[in-house]
Amino acid sequence: MFGDKKAETTVKTTAETTVPKTEATTVTTTAKQVQVVIPEIKIPLASGSEIISGDSAEVDYSCASDGYISAVYTGESSRAKLRITCGDLQYDHDLAADGTREFFPLMESGSYTVKVYELVSGKNYALAAEGTFDVKIKSATAMYLYPNKYSDFSSSSKCVKKAAELCAGKNGDIDKAAAIFSYVAENISYDKSLAEQVRNGLTGYVPDPDSTLAKGKGICFDYASLMAAMCRSQGIPSRIVIGYAEPDIYHAWNEIYTEETGWITPELYFDKKGYNIADATFYAGNSNKEKIAEYISDDSNYSAMYRY
């Protein structure tokens with residue numbers, strides 16, 4: 001449903017799914033010195049062992065049991081779309097038109113149908129590839145540790161380094177996630193100009209976590225993408241949620257998983273910090289922190305449609 005932006009995810013065909021630790025530096029604080037280590041980053045694969053192909057498109061589901069697939073469009077059309085269907089769930093994604101392979105999370109275990117469409121003329125699309133597969137996903141959280149189209153990062157990403165700095169010396173995933181949330185909420189401002197462009201029909205917008213970090217501003221999708229990338233790089237499963245916030249705001253936020261809590265959704269927030277972990281956008285943009293904390297701590301104010 002989003003995006004024509006190029007994905008930069010690295011594709012490997014070996015059995016390895018992580019890269020070695022790449023950097024260790026020392027950060028000096030007023031209290032002590034803390035070593036900053038960038039953890040191993042999971043790399044999504046496309047081995048080609050199980051594929052669905054057509055004349056101008058390919059879907060690789062070799063790693064479906066890990067909770068993700070990839071797709072690539074190689075035709076001449078200016079627009080192509082991937083439709084993923086499982087039971088009553090249906091997700092539509094824009095595909096890069098330049099032959100870039102992109103990765104997408106699956107929804108759950110089950111029987112899937114995937115279709116790739118290419119734009120023919122006007123608003124008319126033709127089927128470029130179609131197929132089905134069954135999958136039992138090993139873990140309900142594993143797919144939310146990998147980079148994908150909507151939260152793309154690598155071991156060299158600036159947002160990964162920043163997450164490592166923020167989490168240095170922190171004990172446990174909850175403290176790490178709180179540090180990341182606090183940083184995003186306090187350092188990224190809402191981009192009203194971009195929001196207006198999106199409202200006025202800018203289609204195909206896809207966040208870039210490093211770009212959001214560098215600019216220091218973005219829309220809700222950018223907040224959620226950046227926070228997901230930073231958490232995932234620290235081994236904390238995080239998914240981007242697209243849906244509606246009351247009264248009728250099309251919105252993006254995060255859900256984060258820890259062993260202590262399960263999925264942290266909008267009704268759960270950190271007592272010590274006094275704010276919700278799921279919605280950095282609303283927290284950052286509201287001057288009355290106590291009032292907005294009340295709002296975002298009530299899950300009835302949120303209605304999820306898609307999770308990436």
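Heads up: the structure comes first, above all this text.
Computed from a predicted structure; not experimentally measured.

## Remarks on the layout of surface pockets
Size it by volume and the second largest pocket reaches roughly 270 Å³. Lining the second largest pocket are 18 residues, with L106, M107, E108, Y144 and R239 sitting closest to its centre. Every element with two or more residues in the lining of the second largest pocket is listed here: β7 (89–95) and β18 (302–307). The element that contributes the greatest number of residues to the lining of the second largest pocket is β18, accounting for 4 residues. Each residue belonging to the lining of the second largest pocket can be placed in one class, and the counts come to 13 nonpolar, 2 polar and 3 charged.

## Some remarks on the packing of aromatic side chains
Enumeration over the complete set of coordinates arrives at 13 aromatic pairs. With 6.0 Å between their ring centres and 65° between their planes, Y68 and F103 make a pair best called edge-to-face. Pair noted here: Y68 is in strand β5 (residues 68–73) and F103 is in strand β8 (residues 102–105), with a separation of 35 residues, a long-range link. On the basis of relative accessible area, Y68 is assigned to the buried category, the value being 3%.

Rules used throughout
- Residues numbered from 1 in each chain as written.
- Predicted model: local features only at pLDDT ≥ 70, side-chain atom pairs only at ≥ 80, totals over all residues.
- Heavy atoms only, no water.
- 1 Å grid on protein atoms, 1.4 Å probe; cavity = no way out; pocket = protein on both sides within 12 Å on 5 of 7 lines; lining within 4 Å.
- Points joined across faces, edges and corners; volume = space filled by probe spheres on them.
- Helix = DSSP H or I, 4+ residues; strand = E, 2+ residues; numbered from the N terminus.
- Nonpolar A, V, L, I, M, F, W, Y, C, P; charged D, E, K, R; others polar.
- Phe/Tyr/Trp six-rings, centres within 6.5 Å; stacked < 30°, edge-to-face > 60°.
- Buried < 20%, exposed > 50% of the residue type's maximum accessible area, 1.4 Å probe, protein only.

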